[in-house]
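Given next are the chains, with one letter for each unit.
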Amino acid sequence: MADHVAIIGNGVAGFGAARRLRREAPDLTISLFSDEAHPFYLRSRLKDYLAGDIGHYEMILESRNLYRREGLNLFLQTPVAALDVAHRELVLAAGDRVRYDHLLLAMGCRPSGLPIPGATAAGVFGLRTLDDAEAIRRWMAGRRRAVVLGESMVSLHLAEGLARLGVEVDHLLMGEHFWPEVLTPDASNLVAEIMQRQNIRIRRRVTVEEILKRNGSVCAVRLSGGDVIDCDMVGHGCSFRPCTDLLRDTPVTCDGGVLVNDRLQTAVAGVFAAGDCASFGPDDPATAFYSRRQDAFVQGETAAANILGRNERLTGLARHVRTDLFGLAVAALGQSNASDEDPAVTTVASGHGTTYRRLVFKNDILVGAILAGDVEHAAILGRHIRRGGSRDQLEAGLMAALAEDRPRLEHALHAPCPICTDTVTVPAGTLIGSRFVCRSCSAKLRLIYADGRPAVAPQDDV
Ligand SMILES: Cc1cc2nc3c(=O)[nH]c(=O)nc-3n(C[C@H](O)[C@H](O)[C@H](O)COP(=O)(O)OP(=O)(O)OC[C@H]3O[C@@H](n4cnc5c(N)ncnc54)[C@H](O)[C@@H]3O)c2cc1C
């Protein structure tokens, strides 16, 4: 058994792996190296932090105490600069060397920068870390207008956080739709409608030619047609790339991400990779698609099992993502946006108000789904997709449930949040079962029927 497992990266994959290692191997020495300054937190909550709805304390879910309690050595602000595979050593940026028996690469990915003139001006930000969110908040204090670039989920989170902070937002897309690697045009349009209701101006098919600055700081963007949009900041969530720089000049093979097999093993014995920095090769449809918290967690846990010699395989790359966009719960599973122009593909789609569903079958096997507004059946659908469930099997149970017209709230509900007791307002027309977040304490809540009347309850599957 390994004596010292080193993990580079303290995100979902690295932290999840460390906890499984500890659960199953109490005597192992486990060290996590992170270039960030904070213990584990969820990046999906950065928009709430940016909006000012939660503070530093609520962001850091797992305080240093947990690392101490579980005997995990956490090295914050400790970037790893290189790898000496021959001697099984990490080379820290500070110059120290650390020996390992097994190594997990869980470095995630980061934006590669905007290829636009003026992109180095003060006031240009990406959103990836808690420090980014903090820097944006500080920058926008006393400033009013922001331009957000990009169609990705991260760009949407950034636009939402800024809008909730009270900033006027122009969201610019080079293409037509949001998050096209996951959403269909209909689902994207639903998100766009909600954004517009929150006063975000959306411009499609535009190219930013230059970020203009005054005294070194952003003052506007110039579009290819000549239009100029005044702004105090430019934000983006574009061009995320796996962090693999430290693997240069090593035998660890990369094809964009770190190449792994279904046991998360790299080309080098004793070295594993998991999460957003891992790649499963050119045949993996998810290779060009980062930002999958659930997949990162499962991969981290599977890598941990294999470090312990369990020979566990990753069964079915899920490519599942759940998020919340402007209060709309979204779950996209598998080949969610597969085109029905493919003769092997059939789809069943429906949409009412702020709910949307799409099931994708390939040769009558469920291969993907999008649920928006009401994501209650996401877990069951996810299991069907992983098992390659047929349409008949699905029809036996779930299709009826999906088609069921669940009741909606007749009148707006004003009820106390079961966590913080502040009043929560749920608009009329909301589907019973819908999930949302308390604006005061960010608790994840659900609209239910209890004792014959609508009520607000905590979500059980945070
Ligand atoms: C704003 C935002 C919102 C998101 N919302 C959602 C969501 O709602 N749903 C969802 O499924 N996914 C979401 N994601 C994506 C999700 O956060 C990622 O899929 C997940 O964090 C990947 O986990 P990871 O452990 O692979 O990498 P990361 O969480 O990126 O962690 C990797 C860590 O390693 C560190 N690191 C990198 N190189 C080094 C080095 N050389 N030395 C030391 N440390 C290093 C990085 O700084 C980072 O801290 C969101 C992402 C962002 C940015």
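Every chain is numbered on its own, with residues counted from 1 as its sequence reads. Residue-level local features of this predicted model are given only where pLDDT is at least 70; pairs of side-chain atoms are given and counted only at 80 or more, and the full residue set underlies all totals for whole chains, interfaces and linings. To obtain the side-chain values, all non-hydrogen atoms of the structure were used and water was disregarded.

**What to know about the pairing of strand β5 (residues 89-92)**
- Buried, partly exposed and exposed residues are distinguished by accessible area as a fraction of the type maximum, computed with a 1.4 Å probe on protein chains only: under 20%, between the cut-offs, and over 50%, respectively. Counting from the N terminus, the helices are the DSSP runs of H or I reaching at least four residues and the strands are the DSSP runs of E reaching at least two. The two faces of β5 match: E89 and V91 on one face and L90 and L92 on the other face are all buried.
- As defined by bridge partners, strand β4 (residues 80-84) adjoins β5 across four bridges and the pair is classed as antiparallel. The residue of β5 that forms the bridge with V80 is L92.
- Strand pairing is assigned whenever DSSP identifies at least 2 bridges connecting the two strands. Where β4 folds back onto β5 in an antiparallel hairpin, the turn is made up of four residues, including R88, whose phi is positive at roughly 50 degrees.
- Where β5 meets strand β6 (residues 97-99), three bridges bridge the pair, whose relative direction is antiparallel. Note that in β6 the partner of E89 across the bridge is R99.

**Regarding empty space enclosed by the protein**
- The way it works is a 1 Å grid over only the protein atoms, where trapped points that fit a 1.4 Å probe form a cavity and open points with protein on both sides within 12 Å along at least five of seven lines form a pocket, and then any residue with an atom within 4 Å of a point lines it. Grid points are joined across faces, edges and corners, and a volume is the space filled by probe spheres set on the points. For the structure on display, the rule yields one cavity of 30 Å³ or more.
- One number sums up the size of the largest cavity: a volume of about 30 Å³.
- Considering the residues around the largest cavity, the lining is formed by L183, A187, L190, V191, L328, V330, I370 and A372.
- Where the lining of the largest cavity is concerned, the elements lending two or more residues are α7 (185-197), β23 (328-334) and β26 (365-372).
- Among the elements that take part in the lining of the largest cavity, α7 stands out by supplying three residues, more than any other.
- Each residue gets one of three labels, nonpolar for Ala, Val, Leu, Ile, Met, Phe, Trp, Tyr, Cys and Pro, charged for Asp, Glu, Lys and Arg, and polar for the others, Gly among them. Here the residues of the lining of the largest cavity sort into eight nonpolar, no polar and no charged.
- Where each domain starts and ends follows an automatic or database-derived domain assignment. Looking at which domains feed residues into the lining of the largest cavity, each of domain 2 (124-238) and domain 3 (327-403) supplies at least three.

**Section: the domain arrangement of the protein**
- Here the protein is partitioned into domain 1 (4-110 + 241-307), domain 2 (124-238), domain 3 (327-403) and domain 4 (413-458).
- On a C-alpha basis, the centroid separation for the pair domain 3 and domain 4 is 26 Å.
- The criterion used for residue contact is that any of the two residues' heavy atoms lie within 4.5 Å. If you look at the interface, domain 3 gives six residues, while domain 4 gives four residues.
- Accessible-area loss on putting two parts together, using a 1.4 Å probe and summing over both, is the definition of buried area adopted here. Summing the contributions of domain 3 and of domain 4, the shared interface buries around 450 Å²; its carbon and sulfur component is 48%.
- Salt bridges are counted wherever a side-chain nitrogen of Lys or Arg sits within 4 Å of a carboxyl oxygen of Asp or Glu. The shortest N-O distance in the salt bridge between R446 and E376 comes to 2.6 Å.
- Residues adjacent in sequence count toward polar contacts only when both atoms are side-chain atoms; beyond that, a polar contact is any pair of N or O atoms within 3.5 Å, and within protein one must be able to donate a hydrogen and the other to accept it. Remark: the boundary between domain 3 and domain 4 carries one residue pair in polar contact (both at pLDDT 80 or more).
- Grouping the amino acids of the side of domain 3 that touches domain 4 by side-chain chemistry returns one nonpolar, three polar and two charged.

**Things to note about the site of the ligand**
- Proximity criterion: a residue is near a molecule or strand once any of its heavy atoms comes within 4 Å of it. The immediate surroundings of the ligand are formed by 34 residues, with D35, E36, D276, R322 and T323 found nearest.
- One nitrogen or oxygen atom from the main chain of V80 is found 2.9 Å from a nitrogen atom belonging to the ligand.
- R322 places a polar main-chain atom, nitrogen or oxygen, 2.8 Å from a nitrogen atom of the ligand.
- Exposure was quantified through the Shrake-Rupley algorithm and a 1.4 Å probe, taking into account, for residues, occlusion by the shown protein chains and nothing else. When isolated, the ligand has an accessible area of 1000 Å², and the protein chains bury 96% of it.

**Comments concerning the packing of aromatic side chains**
- Pairing of aromatic rings covers Phe, Tyr and Trp, the last through its six-membered ring, and needs centres within 6.5 Å; plane angles under 30 degrees mean stacked, over 60 mean edge-to-face, and all others mean tilted. Summed over the entire model, instances satisfying the criterion amount to four aromatic pairs.
- Here a set of aromatic residues connected by ring pairs shows up, and it is made of F15, F40 and Y67.
- Over the face of the ring belonging to W139 we find R143, whose NZ or CZ atom lies 3.7 Å from the ring centre.
- Only when the NZ of Lys or the CZ of Arg is both within 6 Å of the ring centre and within 35 degrees of the ring normal is a charge said to sit over the ring. Directly above the aromatic system of F361 lies the positively charged group of R391, at a separation of 4.6 Å from the ring centroid.

**A few points about helix α8 (residues 293-307)**
- Here, expected helix span is obtained from the residue count minus one, scaled by 1.5 Å. The terminal C-alpha atoms of α8 lie 21 Å apart, and with 15 residues this matches the ideal 21 Å at 1.5 Å per residue to within 8%.
- Among all positions in α8, only D295, A296, Q299, G300, E301, T302, A303, A304, A305, N306 and I307 are buried.
- G309 sits one or two residues past α8 and shows a positive phi near 80 degrees.

**Observations regarding the pattern of salt bridges**
- Across all of its chains, the model carries 30 salt bridges by this definition.
- The partner of E312 in a salt bridge is R20, with the nearest N and O atoms 3.1 Å apart. Of this pair, E312 sits in the loop between α8 and β22 (321-325) while R20 sits in helix α1 (residues 12-24), placing them 292 residues apart in sequence.
- Its relative accessible area of 26% is what places E312 among the partly exposed residues.
- Exposure remark for R20: the relative accessible area of 11% places this residue in the buried category.
- Across the pair R99 and D101 runs a salt bridge whose closest N-O atoms are separated by 3.9 Å.
- Judged by relative accessible area, R99 falls into the partly exposed class, the value being 48%.

**Here we look at the pairing of β26**
- Of all eight residues in β26, seven are buried, a share of seventy percent or more.
- In this structure, β23 lies alongside β26, joined through five bridges in antiparallel fashion. Within the sheet, the bridge partner assigned to A331 lies in β26 and is L371.
- Alignment of strand β25 (residues 355-362) against β26, held across seven bridges, turns out to be antiparallel. Paired with L359 across the two strands is A369, which belongs to β26.

**Some details on unusual backbone geometry**
- If you check the backbone angles, N311 has positive phi at about 55 degrees while not being a glycine.
- Non-glycine residue F326 carries a positive phi angle of around 55 degrees.
- Its place among the elements puts F326 in the loop between β22 and β23.

**Observations concerning the sheet that holds strand β18 (residues 254-255)**
- Pairing in this open sheet of three strands is mixed, and the strands run β18-β19-β21 from one edge to the other. Whereas interior strands pair on both sides, the edge strands pair on one side only; in this sheet they are β18 and β21 (278-279).
- Relative to strand β19 (residues 257-259), β18 is paired through two bridges, and the arrangement is antiparallel. The residue bridging D255 from the neighbouring strand is G257, located in β19.

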